[in-house]
Amino acid sequence: MSARTVHVVGAGLAGLSAAVRLAERGETVVLHEAAKAAGGRCRSYHDSTLDLVIDNGNHLLLSGNRSAMSYLDLVGGRGALEGPGEATFDFADLGTGERWRLRPNEGRLPWWIFVPSRRVPGTSARDYLAPLAILRSRPERTIGEVMRCEGPLWERLWHPVLLAALNTDPRISAAGLAAPVLRETLGAGGRACHPLVATGGLSAAFVDPALAYLTGRGAEIRFGTRLRGIQATEGRVSELAFADGVTEIGPGDAVVLAVPGPVAAGLVPGLAVPEAHRGILNAHFRIAPPPGQPLLLGVVGGLSEWLFAYPDRLSVTVSDGDRWFDEPRDELARRIWQEVATVTGLPAEPMPPWQVVKEKRATFAATPAEAGRRPAPATAYRNLVLAGDWTATGLPATIEGAIRSGEAANSVLQSGVSRSSSSVSKASP
Ligand SMILES: Cc1cc2nc3c(=O)[nH]c(=O)nc-3n(C[C@H](O)[C@H](O)[C@H](O)COP(=O)(O)OP(=O)(O)OC[C@H]3O[C@@H](n4cnc5c(N)ncnc54)[C@H](O)[C@@H]3O)c2cc1C
């Protein structure tokens, strides 16, 4: 154990990522979490209506999410992810009834776009080059400004994929946020695009193994401890005021603030964070998937976007879902179930037991304006660093971004550069 203690506040994936990297290096870690459980926006819980353990939202990972994979390898959670073992994406079109399977080849050279059976019906190889404009674009431009956002390939591939990654209408989203996603997944070849799902629940993969890893390394984990205020003296954090008492921060100690952006803005004077957010709608149905149902099915031409087939339920994701949040939950469930029944061949009546979960502030809006408000991890306080999917990771708000932000916070603490001369858009004491 090191002489200093690092207090990590917030046990979402960003905080867990920072904590496990610090513990890996032998640092003394105390993890503080306001809720009774860890995981934040990426967690499992028992839903009493369904009498099932479900996730707060379906989460998709790709094998090219290198920080997520490295985190899972460190804590021992990777075995809890399942996938087809290749870059295979099944799709169904509710409007036309067509089905297809997208199959990028494993290597970097994308020869699959020349093979009609591997690509989207009704498209040509040339259509697949359109997103090169995103890679070449200035980051603050929108996708709608640099790429043609219409036509069969837009409707059937680029729109669903970019919407899933950005959780914001891609047309108004920052090209600079889409570019690294494309570069690190499709641009890296099929071997970076194997879909992966935590079929036994997000907590079993991302949260429980991390907590066990931390406990095994002597970290202290405190639940139900909400940070209410930060006291600073001479350019460093000296006290953390929790709802249940004050924790003194010794001269050599440090703090990783891994709470959501708006919470961090309320704790750190002068901190600019993304302000606009987007919601995600999930509908869960307690029914076993029919034989042969793919783990993940892209659905176009309806309300449903992605259908996840878990052993005990079928779950649908609708990104950028705010426009549906005023609709009655039972009407949403009925409408989504009709679509699920159509694409799975299951009977439309009776509708199985259902649950609709509306996550209102699922991610920050991936627009150029919001991207420009993301702070760097280093702050003007020399012992305070930030982590969270809303910090300047370069990626949209994703598992990969959250985990990378925890790595970045750890790097800042190791290099000791969290002081006023270190970077742009810092919080001021
Ligand atoms: C419905 C949904 C679907 C998603 N789908 C995907 C997907 O398919 N793929 C993907 O990669 N990403 C997806 N995401 C995004 C991903 O879940 C997030 O980017 C990631 O979980 C954010 O982690 P975080 O640690 O930055 O923030 P959070 O998870 O918000 O963690 C912050 C933590 O801080 C705690 N906290 C708050 N205030 C305080 C306080 N004052 N004191 C102490 N603790 C506090 C909170 O309780 C929480 O545990 C999805 C998100 C949602 C909501």
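Residues numbered from 1 in each chain as written. Predicted model: local features only at pLDDT ≥ 70, side-chain atom pairs only at ≥ 80, totals over all residues.

By size, the foremost hydrophobic cluster in this structure holds 124 residues, and its most contacted members are A19, V29, A178, L214, V256 and L257. In this structure L214 touches A19, V20, A23, V29, L31, A219 and I221, once residues within four positions along its chain are discounted. (Core = buried A, V, L, I, M, F, W, Y, C linked by C-beta atoms within 7 Å. Buried ≥ 20, exposed ≤ 12 C-beta atoms within 10 Å, placed from the backbone. Contact = placed C-beta atoms within 7 Å.)

The environment of the ligand is made up of 37 residues, and the closest members are G10, G12, G40, G57 and T398. The element that contributes the greatest number of residues to the shell around the ligand is helix α11 (residues 399-415), accounting for four residues. Partitioned by chemical class, the residues of the shell around the ligand number 18 nonpolar, 13 polar and six charged. (Near = placed C-beta within 6 Å. Helix = DSSP H or I, 4+ residues; strand = E, 2+ residues; numbered from the N terminus. Nonpolar A, V, L, I, M, F, W, Y, C, P; charged D, E, K, R; others polar.)

Per the domain assignment, the segments of the protein are domain 1 (5-42 + 202-275 + 368-415), domain 2 (102-192) and domain 3 (277-358). On a C-alpha basis, the centres of domain 1 and domain 3 stand 34 Å from each other. (Domains from an automatic or database assignment.)

Let's shift gears to the packing of helix α5 (residues 152-166) against helix α6 (residues 175-184). Running from N to C, α5 and α6 point in directions that differ by 105°, and their axes come no closer than 10 Å. By the angle between their directions, the pair α5 and α6 is classed as roughly perpendicular. Contact residues: α5 offers L162, A165 and L166, while α6 offers L177, A178 and V181. For the contact of α5 with α6, the residue count by class is six nonpolar, no polar and no charged. (Axes fitted to C-alpha atoms, helices over the stretch in contact; angles between N-to-C directions. Parallel < 35°, antiparallel > 145°, perpendicular 65-115°, else oblique.)

A separate point is the sheet that holds strand β19 (residues 384-386). One open sheet accounts for five strands, arranged β9-β2-β1-β13-β19; its pairing is parallel. Every other strand in the sheet has two partners, leaving β9 (220-223) and β19 as the edge strands with one partner each. Sheet twist, expressed as the average angle between the axes of neighbouring strands with direction ignored, equals 15°. Alignment of strand β2 (residues 28-33) against β9, held across four bridges, turns out to be parallel. Bridge pairing in β9 links L31 to I221. In the packing of α11 onto the sheet, contacts are made with β1 (5-9), β13 (254-257) and β19, and the angle to β19 comes to roughly 155°. (Pairing = 2+ DSSP bridges.)

On to α6, then. Looking at α6, one finds that the buried residues are A175, G176, L177, A178, A179 and V181. Next to the buried residues of α6 lie α3 (132-136), α4 (143-146), α5 and α10 (368-371).

So, about the sheet that holds strand β10 (residues 227-233). Across the sheet, three strands lie side by side as β10-β11-β12; this open sheet has antiparallel pairing. Looking at strand neighbours, the two that pair on one side only are β10 and β12 (245-248), the edges of this open sheet. Ignoring which end each strand starts from, the neighbouring axes of this sheet average 25° apart. Looking at chain direction, strand β11 (residues 236-242) and β12 are connected through four bridges and run antiparallel. Bridge pairing in β12 links F242 to G245.

Let us now look at the environment of R108. For R108, the location among the structural elements is in the loop between β7 (99-102) and α3. Taking the C-alpha atoms as reference points, R108 and L186, separated by 78 residues in sequence, lie 8.5 Å from one another. Sequence-distant contacts of R108, defined by excluding residues within four places in its chain, comprise A188 and G189.

Okay, the environment of L135 next. Among the secondary structure elements, L135 is positioned in helix α3. Aside from chain neighbours lying at most four places away, what touches L135 is A179, L182 and R183.

Turning our eyes to something else, we now look at unusual backbone geometry. E349 connects to P350 through a cis peptide bond whose omega is -5°. As for its placement among the helices and strands, P350 is situated in the loop between α9 (329-344) and β18 (354-364). Residue N167 is not a glycine yet carries a positive backbone phi of 55°. Inspection of the secondary structure puts N167 in the loop between α5 and α6. Its 25 C-beta neighbours within 10 Å are what place N167 among the buried residues. For E234, which is not a glycine, the phi torsion comes out positive at approximately 50°. Among the secondary structure elements, E234 is positioned in the loop between β10 and β11.

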